[in-house]
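Chain by chain, the residues:
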Amino acid sequence: MGDDAQSIYSFRGATIQNILNFQNDYPDLRTFKLEQNYRSTKHIVSAANKIIASNTAQLKKEIWTDNVEGEKITILKTVSDSDEGKQIAHRIYDLKAQKQVSNNDIAILYRTNAQSRSFEEQLRKLNIPYIIYGGLSFYQRKEVKDLVAYLKLTLNPFEEESLRRIINYPGRGIGDTSLNRAFLAAKESDKRLWEILENIGSVDGLQQRAKDAIGEFVVMMKTFMAMAKEKNAYDLAVHIAKTTGILRELYNDKSVEGISRYENIQQLLNGIKEFTEEDVVEENEEGNIDRSLGAYLQNITLLTDTDKNDERADSVKMMSIHAAKGLEFKYVFVVGLEEGLFPSTMSLYDREGLEEERRLFYVAVTRAEIEVVISYALSRYKFGTLNYCEASRFIDELPQEVLNYIGKDTGNNVDVDFDDHVKSSFGGWNKSALRNPQNTQQRKPSPASMENFVADDYNKMEEGMKVLHQLFGNGTIKKIEGSGDKKMATIQFQEGDKRLMLKFAKLKIES
Amino acid sequence: MDFLKELNEAQYNAVTNYEGATMIVAGPGSGKTRVLTYRIAFMIQNGIDPFNILALTFTNKSSLAMRERIEKICAEKNGNGGDARNLYMGTFHSVFARILRFKAEKLGYSSNFTIYDTDDSRSVLKKIIADFGLNDKLYKPNSIHNRISNAKNNLITAKGYEKYPELMKEDEEGGRPKFLEIYRAYTKKCFENGAMDFDDLLLKMYELLVRFPEELHDLQHRFKYILIDEFQDTNFAQYQIVKK
């Protein structure tokens, strides 16, 4: 089961060739095509088809949908990477305020993980919670890796990476000199480090104090190994965290980082507890459920990026397009659509590379159910220097009739677009009609009349006032809660009551 | 079977035609997960033993969600979702790791072998490169690791690497003539450490099937039906294993 149009892992050795081989290896192969899309609007689906049409097709397929036409795809031009972060963060704020979209329904997708920074900064400024996928994951944190190293070593004492990691953590007086001596002894006798440590007494050139410390360490590890045969993973892990002194060491560190490290260890232990109690099907040969430490370690090591994060938290999701594969979101921001970034520089010189980038773009756009915003920046910092960028070729390849450009032709443009000119003067003409309250009151204004809409100061809003909203039309403020810029208003519109955050609701006072 | 009513015609055909080699080409948002889930539920309700079904998914999470749904459908039908628990389901790596845990000893590993993640692999390589006294600007642990990973995904072991003169030539011309030596040392080190890296899970699985025909036979006998999600993203090694 698959989709050649979504093949995006050639760097991992994935090969479309497998699909073609499959057809050759199984001449009786039957093929079924699922082409009706249930996820996205018509505009998004037609954009997707147009994107992939620029590639040489392998398996012919065109998706279609019965869903609504939906909003046009917004193309957002910004002046810099930080401006891009800012504009997108504000759009997200507006979405939440005006359409009551929850954070979980919003995703920012980028080509490279390094792009997340400017969005992080701006979202933080607006107090919008977010999760970054594919960053330093929980299991990559030092304190977590330390305890996990003990667990790994308990099962497999020959594993040198873990051994080196924790032999002197928490500090037990086994210094680098002693350790190097032991390494050398292992090399000379072609034995494994653990075997040397077990017989540390017979290694020359070590101080008695170091030998004692190593001896104690070996004895401790051996008690863990014995215990692993009887206890479940959780009891063992708690015992190890206590006996080794990890827990005490972190508990005594009362700095902010220290507290969070202590919490992380607690969280790891909770995770192990859950695993030992959870009803997961992890059968062994005899059909029993395997809740051993070995099964647990295997599980956490093989988690995929998207498995690792907590879905429950209500946060905007930020991730690379690769990580977004197989996921869907109501609102998707695909950012950094610039030549050299997306498509990436490395792909610009061969057709296959470029086609993979295009499939990646296809995957990004098709994650969205309701709306897609595509953004690019005219300048971007790369390795500390400012680079000027041009819009990605992928934007030009989109079907222009489903696009809505924002930020295009701003500034001192020599080039005048008459279409734009005519439209704006039309809007201006309508604006004067809007200014006359007799003409507009009680009527839902036409979109054209909204082009020059100016919102009033939200501090002036009071309960009982009649107001005008760009999207919902005329309404009456029924209730205002909260204070300052946190004021929430319940407003009765024609289509029903809405709760809006006043600061971002952009209302015009009518009377 | 009520759940079939939820399907459109194309989905219905993809769900109900479960015998023989089949390829389902699924566009984005076309209900692929639903089809895969219902196809398995349909198979079970038509008397196929879940024990004989292997489903390879893209993430562990999607596998859990699918399993839950399948168990629920089967429970509604026979009041017994327990059967569906025998389904073997998971990502390529987790399924192979599970199988290998019981077979590791045949391959000279303890059943408690450690799995190295990318960080671990790179740390081992870093040490090897330093021990060899090589310049780590030229021999970057990351790119060496990628190259080893690529070789393994094409089922090219350190031992068999010399049979590919074009690869040796690439190393030579790329200014990294010591690549094969590093690959060998890395393979040796992992083995001594009782560790398999991510790519070994595929490579060792393949080795198990090739070297031990009785294991191949057992697995062929067990997994009569194999379903693979996101087939376009499988690599050569994965395909060769499944083909067996």
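Reading the values: rules and limits
- Residues numbered from 1 in each chain as written.
- Chains lettered and ligands numbered in written order.
- Predicted model: local features only at pLDDT ≥ 70, side-chain atom pairs only at ≥ 80, totals over all residues.
- Heavy atoms only, no water.
- Buried < 20%, exposed > 50% of the residue type's maximum accessible area, 1.4 Å probe, protein only.
- Helix = DSSP H or I, 4+ residues; strand = E, 2+ residues; numbered from the N terminus.
- Pairing = 2+ DSSP bridges.
- Axes fitted to C-alpha atoms, helices over the stretch in contact; angles between N-to-C directions.
- Parallel < 35°, antiparallel > 145°, perpendicular 65-115°, else oblique.
- Left-handed = near helix turned anticlockwise from the far one by under 90°.
- Contact = heavy atoms within 4.5 Å.
- Nonpolar A, V, L, I, M, F, W, Y, C, P; charged D, E, K, R; others polar.
- Buried area = accessible area lost by both parts, 1.4 Å probe.
- Salt bridge = Lys/Arg side-chain N within 4 Å of Asp/Glu carboxyl O.
- Polar contact = N/O pair within 3.5 Å; in protein donor to acceptor, adjacent residues only side chain to side chain.
- Core = buried A, V, L, I, M, F, W, Y, C linked by side-chain atoms within 4.5 Å.
- Phe/Tyr/Trp six-rings, centres within 6.5 Å; stacked < 30°, edge-to-face > 60°.
- Lys NZ or Arg CZ within 6 Å of the ring centre and 35° of its normal.
- Domains from an automatic or database assignment.

1. Structural notes on the pairing of strand E5 (residues 106-110) of chain A
Residue and element names in this part refer to chain A.
Line of reasoning, step 1. Most of E5 sits inside the fold, with five of its five residues counted as buried.
Line of reasoning, step 2. Where burial is concerned, the two faces of E5 agree: the one with Ile106, Ile108 and Tyr110 and the one with Ala107 and Leu109 are both buried.
Line of reasoning, step 3. Sheet topology note: the E5/strand E7 (residues 316-320) ladder contains four bridges and is parallel. Bridge assignment links Leu109 to a residue of E7, and that residue is Met319.

2. Some points on unusual backbone geometry
All names here are of chain A.
Line of reasoning, step 1. Geometrically, the link from Tyr169 to Pro170 is a cis peptide bond, its omega value of -15° lying close to zero.
Line of reasoning, step 2. Inspection of the secondary structure puts Pro170 in the loop between helix H6 (160-166) and helix H7 (176-189).
Line of reasoning, step 3. The residue after Phe342, namely Pro343, is reached through a cis peptide bond having omega 5°.
Line of reasoning, step 4. Inspection of the secondary structure assignment puts Pro343 in the loop between strand E8 (329-334) and helix H15 (351-365).
Line of reasoning, step 5. Here the phi dihedral of Asn127 falls at roughly 60°; this positive angle occurs in a residue that is not glycine.
Line of reasoning, step 6. Mapping Asn127 onto the fold places it in the loop between helix H4 (116-125) and strand E6 (130-132).
Line of reasoning, step 7. Judged by its relative accessible area of 65%, Asn127 falls in the exposed class.

3. So, the packing of helix H9 (residues 208-228) of chain A against helix H10 (residues 233-243) of chain A
All names here are of chain A.
Line of reasoning, step 1. Where H9 contacts H10, the two axes come as close as 10 Å, and the packing angle between them is 165°. Our classification of the angle between H9 and H10 gives roughly antiparallel. The crossing of H9 and H10 is right-handed. Residues Phe224, Met227 and Ala228 of H9 lie in contact with H10, whose contacting residues are Leu236, His239, Ile240 and Thr243.
Line of reasoning, step 2. Residue classes in the contact of H9 with H10 are distributed as five nonpolar, two polar and no charged.

4. Digging into the interface of chain B and chain A
Line of reasoning, step 1. Facing the 70 residues of chain B at the interface are 72 residues of chain A.
Line of reasoning, step 2. Roughly 6300 Å² of surface becomes buried between chain B and chain A when both sides are summed, with 51% attributable to carbon and sulfur atoms.
Line of reasoning, step 3. The interface formed by chain B and chain A contains eight salt bridges.
Line of reasoning, step 4. Across the pair Asp120 of chain B and Lys145 of chain A runs a salt bridge, and its minimum N-O distance is 4.0 Å.
Line of reasoning, step 5. One can count 30 residue pairs in polar contact (both at pLDDT 80 or more) joining chain B with chain A.
Line of reasoning, step 6. Counted by class, the side of chain B that touches chain A contains 26 nonpolar, 23 polar and 21 charged residues.

5. What about the sheet that holds strand E2 (residues 53-57) of chain B?
All names here are of chain B.
Line of reasoning, step 1. Strand order in this open sheet of three strands is E3-E2-E6, and the pairing throughout is parallel. Edge positions in the sheet fall to strand E3 (88-91) and strand E6 (225-228), since each of these pairs with one other strand and no more. Neighbour to neighbour, the strand axes of the sheet diverge by 15° on average, direction disregarded.
Line of reasoning, step 2. The pairing of E2 with E3 spans four bridges and is parallel. Its bridge partner lying in E3, Ala55 is registered against Met89.

6. What to know about the sheet that holds strand E16 (residues 496-501) of chain A
All names here are of chain A.
Line of reasoning, step 1. If you trace the five strands from one edge of the open sheet to the other, you get E16-E15-E14-E13-E17, paired in antiparallel fashion. Every other strand in the sheet has two partners, leaving E16 and strand E17 (507-509) as the edge strands with one partner each. In this sheet, neighbouring strand axes are inclined to one another by 40° on average, regardless of whether the strands run parallel or antiparallel.
Line of reasoning, step 2. With six bridges connecting them, strand E15 (residues 488-493) and E16 associate as antiparallel partners. Residue pairing for E16: Ala489 is matched across the bridge by Leu500.
Line of reasoning, step 3. Of the strands in this sheet, strand E13 (466-469) and E16 touch helix H3 (residues 81-99), which is tilted by about 145° from E16.

7. Re the nonpolar core
Residue and element names in this part refer to chain A.
Line of reasoning, step 1. Counting residues in each nonpolar core, the largest one holds 55 residues, and the members touching the most others are Tyr150, Leu197 and Phe217.
Line of reasoning, step 2. Tallying contributions element by element places H9 first for this core, with 10 residues.
Line of reasoning, step 3. Not counting the four nearest positions on each side in its chain, Phe217 is found in contact with Tyr150, Leu153, Leu163, Ile166, Ile167, Arg172, Ile174 and Trp194.

8. Looking at the packing of aromatic side chains
Line of reasoning, step 1. Within this structure, the stated rule accounts for 19 aromatic pairs over all chains.
Line of reasoning, step 2. Judged by centre distance (6.4 Å) and plane angle (75°), the ring pair of Tyr109 of chain B and Phe113 of chain B falls under edge-to-face. The same class applies to Tyr109 of chain B and to Phe113 of chain B, which are both buried.
Line of reasoning, step 3. By the ring-pair criterion, three or more aromatic residues cluster together here, those being Phe22 and Tyr26 of chain A together with Phe231 and Tyr239 of chain B.
Line of reasoning, step 4. Directly above the ring of Phe58 of chain B sits Lys325 of chain A, whose terminal nitrogen or CZ lies 4.7 Å from the centroid.
Line of reasoning, step 5. Positioned above the aromatic ring of Phe51 of chain B, the side-chain terminus of Arg222 of chain B is 3.7 Å from the ring centre.

9. Topic: the environment of Phe224 of chain A
Residues and elements named next belong to chain A.
Line of reasoning, step 1. Assignment of secondary structure puts Phe224 in helix H9.
Line of reasoning, step 2. When the C-alpha atoms of Phe224 and Lys486 are compared, they prove to be 54 Å apart, with 262 residues separating the residues in sequence.
Line of reasoning, step 3. Not counting residues up to four positions away in its chain, the partners in contact with Phe224 are Tyr150, Thr154, Leu236, His239, Ile240, Thr243 and Thr244.

10. A word on the packing of helix H5 (residues 142-155) of chain A against H9 of chain A
Residue and element names in this part refer to chain A.
Line of reasoning, step 1. Axis separation between H5 and H9 bottoms out at 9 Å; the angle between their running directions is 75°. The orientation of H5 with respect to H9, classified from their angle, is roughly perpendicular. Every residue of H9 that contacts H5 at Tyr150, Leu153 and Thr154 is listed here: Phe217, Met220, Met221, Phe224, Met225 and Ala228.
Line of reasoning, step 2. Of the residues in the contact of H5 with H9, the class split is eight nonpolar, one polar and no charged.

11. Here's the deal with the domain arrangement of chain B
Residues and elements named next belong to chain B.
Line of reasoning, step 1. Here the domain parsing of chain B yields domain 1 (2-104 + 212-243) and domain 2 (114-193).
Line of reasoning, step 2. Here the C-alpha centroids of domain 1 and domain 2 sit 35 Å apart.
Line of reasoning, step 3. In this complex, domain 1 contributes five residues to the contact, which on the side of domain 2 involves five residues.
Line of reasoning, step 4. The junction of domain 1 with domain 2 conceals about 350 Å² of combined surface from both sides, 70% of it contributed by carbon and sulfur atoms.
Line of reasoning, step 5. Taken as a group, Asn235, Phe236 and Ala237 account for 79% of the area that domain 1 buries against domain 2, more than any other trio of residues on that side.
Line of reasoning, step 6. Between domain 1 and domain 2 we count zero salt bridges in total.
Line of reasoning, step 7. Seen at the junction of domain 1 and domain 2, the total is two residue pairs in polar contact (both at pLDDT 80 or more).
Line of reasoning, step 8. Per element, the largest residue contribution to the side of domain 1 that touches domain 2 is three residues, and it comes from helix H11 (residues 236-243).

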